[in-house]
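If you want the building blocks of each chain, they are given just below.
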Amino acid sequence: MSEHLTSLVTGLHAARHFEQAALLTLRALLLIAEEALEASRFARQGRILRGVVHLRPADAYRRLAALEREAAETCPPDEKSLLLADGPQVALLASASAWRAVVEHGCAVSIDVGLGTLQPHQESARRLASSRYTASFTQESQQRLLSREATHVCVLPLRMAGGRIDGMIALEANCMAALGQDFIWRETSPQLQLAVDLAAPYLTGLAPHPGSAPETDDFLPVVGASMASLVGVLRIFSQQEETLLISGPTGAGKSRLARWCHERSQRHQGHFESLDLMMVPEELQMGELFGWRKGAFTGAVRDNPGFLARANGGTLFIDEIDKLSLKAQAGLLHVLEERTYRTLGDAASEHRANVRFIIGTNADLTESVRRGTFREDLYYRINVLPVRVPSLDERRDEIGAWARYMLARHHKEKNPAGVVRLSPEAEQRLEQSAWPGNLRQLDNIIRRAYTLALVQQGGATQELELREPHIQQALTYEGGKQSSLVEAMSQAARAFVLEAQRRRAPLDIDFAESLRGFVLAEAVQQVGRDEAFRLVGRESLVKSRNHLKALRQELKKAEALCTEVGQPVPTALTHAGSSEAS
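Fair warning: this is a prediction, and the values are worked out from it, not measured in the lab. Numbering of residues begins from 1 in every chain and follows the order in which that chain's sequence is written. Given that the model is predicted, a residue must reach a pLDDT of at least 70 before its local features are reported, and side-chain atom pairs must reach 80 or more before they are shown or counted; all residues, however, enter totals for whole chains, interfaces and linings. For side-chain calculations, the full set of non-hydrogen atoms in the structure is used, while hydrogens and water are omitted.

Below, the discussion takes up the overall build of the protein chain. Per the convention used, a helix needs a DSSP run of H or I reaching at least four residues, while a strand needs a run of E reaching at least two, with both numbered from the N terminus. For the protein chain, the count of helices and strands is 24 helices and 16 strands. Taken along the three principal axes of its C-alpha coordinates, the protein chain extends 90 × 75 × 45 Å. For the protein chain, the residues scored as buried account for 49% of the 582 residues in total. Residue contacts are defined here by distance: any two heavy atoms, one from each residue, within 4.5 Å place the two residues in contact. Here the analysis covers contacts within the protein chain between residues at least 6 apart in sequence; of these, 69% occur between residues at least 24 apart. We get accessible surface area from the Shrake-Rupley algorithm with a probe of 1.4 Å; when it comes to residues, only the shown protein chains can shield them. Of the accessible surface of the protein chain, which amounts to about 28100 Å², a share of 51% is contributed by carbon and sulfur atoms. Positive charge is attributed to Lys and Arg, negative charge to Asp and Glu, and no charge count is given to His or to the chain ends. Charge coordinates come from a single atom per side chain, which is NZ of Lys, CZ of Arg, CG of Asp or CD of Glu. Taken as two groups, the 68 positive and 71 negative side-chain charges of the protein chain have centres that lie 2 Å from each other. The buried label applies to any residue whose accessible area, calculated with a 1.4 Å probe on protein chains only, is under 20% of its type's maximum; exposed applies above 50%, and partly exposed to all values in between.

Next comes the structure, spelled out in structure tokens:
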């Protein structure tokens, strides 16, 4: 094993967060590549430029990090030299077609930027390679790489167990003398890939370094630690012209993020238009996109410019893209490729589509492609900069802040001069609830609880506090099916982790055993003491008359957790241990 790989392994074992692992990995790769270049026939004719980590599990960007070659000289490496997505605006993007080639073949890929070609490194993969990868290396990708002086790029997959690929690392070099020739990438690939394989579990498994509170604004008023990395990536993507694909569950905030990206883009002075295909009948989709002239079809009683024209010079957000008909998909594909379109009923005129596209979906588009309901070529056209918005249940650190924001906004609409508060107990109740409807559901609950609080207080008032009973009552009106046991257990696990994060100190995992005490207390309350033990499969303890001792032990663990987190002991625990329980 080379000195660089040995140093990398030692450093990775000590790494505690993603940034450390990324810095160590990029430094090792750049030094390995530089030594290979110096030993090649292109020595003194080229130079290694930079390395970029693209972390995109499940084909959605999560983190980006880059290291310039000059910064790799520092030993030990300085984390301040690492360019992150939430730091300075740097060009961190690689070709989308390179990503497709890496995923398709599962091996490293070389890019000759001048020729616009991609070549997999493995012989078997090259024989299977489709010409579409060379053809789909777009002029935009080529120009972007050339603007960074990159003439040759090596893209290495972040390979996980089972063959899954959760990202890639791109190494960029400048060597005009090697245009049209094999550069150093293919012969150096085994050592480079070994380094990446060693680093992959750390890059994908380590959390980002907890930094300062993320920046917020009117368009994105809440950004928790769970969203900080994604927002950093979107801050980079907002500056690009390529199509941005935002996936995620309904109500998670995709349209808000789209608007936020528009406001941070170079097109922010233009219009932001949002087309929700769920609200458009299939037969009108083409017309809503491209516009129509009066008389173009039955019912077209006046001209309609269409969303493309209204968004001219700005951004067009198309939500629920999976609802687009196959006919309209063909029209959108033409716009994305040619940047031109024709208004319905006016075939003689051709218009320029001067818009940046942001696409939203809550569907699995790859599955739609497999079913034949979504065009594969359109999927590749929109899947250039993909991100996934987590559900609110995955962003539990944001629930309280979003609730306070929604409450203040709603109160301002009703009573601009008044003061409104959310009690700590009410906020805790919200944080402990499941949110299948995400932010949209949370907003509904806040509005409902607000109305209940007003009714209880006798109408409009200058001061209002939403308390836990208001939230509880609002939640009871939700209806729907009860959470499954697995969902409830997952919710309890999230609450445990959230409490540990709040404390900024470890919450011993042994406290998780207190769940047995809570379960027994609930069972005792429901069916009585003896029957409770039979219900949970411990009838033998009842027969041996050891169940009372076991109950006291389990309740003691549950009470210890309450003491540890500074919460009162629930009534169920107190009653279960009392002499009145039977």
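Let us look at the pairing of strand E7 (residues 165-174). Taking burial as the measure, the ten residues of E7 include ten buried ones, the bulk of the element. Pairing between strand E1 (residues 47-55) and E7: eight bridges, direction antiparallel. Bridge pairing in E7 links Arg47 to Asn174. In this scheme, strands are said to pair when DSSP sees at least two bridges between them. Two strands pair when backbone bridges link them, and strand E6 (residues 152-159) and E7 are joined in this way by seven bridges, in the antiparallel orientation. By the bridge assignment for E7, Arg159 is matched with Ile165. Taking the residues that link successive antiparallel strands as the turn, the E6-E7 hairpin has five residues, and the phi of Gly162 there is positive, at about 85°.

Further remarks concern the sheet that holds strand E9 (residues 272-276). Taken together, the five strands give an open sheet; going across it, the order is E9-E10-E13-E8-E14, and neighbouring strands pair in parallel fashion. Each edge of the open sheet is held by one strand with a lone partner, namely E9 and strand E14 (385-388). Along the sheet, successive strands turn relative to each other by an average axial angle of 20°, direction set aside. In terms of strand pairing, strand E8 (residues 244-247) meets E14 through four bridges, oriented parallel. Bridged to Leu244 within E14 is Leu385. Inter-axis angles, ranging from 0 to 180 degrees, are taken between N-to-C directions of lines fitted to C-alpha atoms, where helices are fitted over the stretch in contact.

Attention shifts here to the pattern of salt bridges. When a carboxyl oxygen of Asp or Glu lies within 4 Å of a side-chain nitrogen of Lys or Arg, that pair is called a salt bridge. Tallying each qualifying case throughout the model produces 34 salt bridges. Between Arg69 and Glu34 there is a salt bridge, and its shortest N-O distance comes to 2.6 Å. One end of the pair, Arg69, is in the loop between strand E2 (63-68) and strand E3 (83-84); the other, Glu34, is in helix H2 (residues 18-38), with 35 residues separating them in the sequence. By relative accessible area, Arg69 is classed as buried at 7%.

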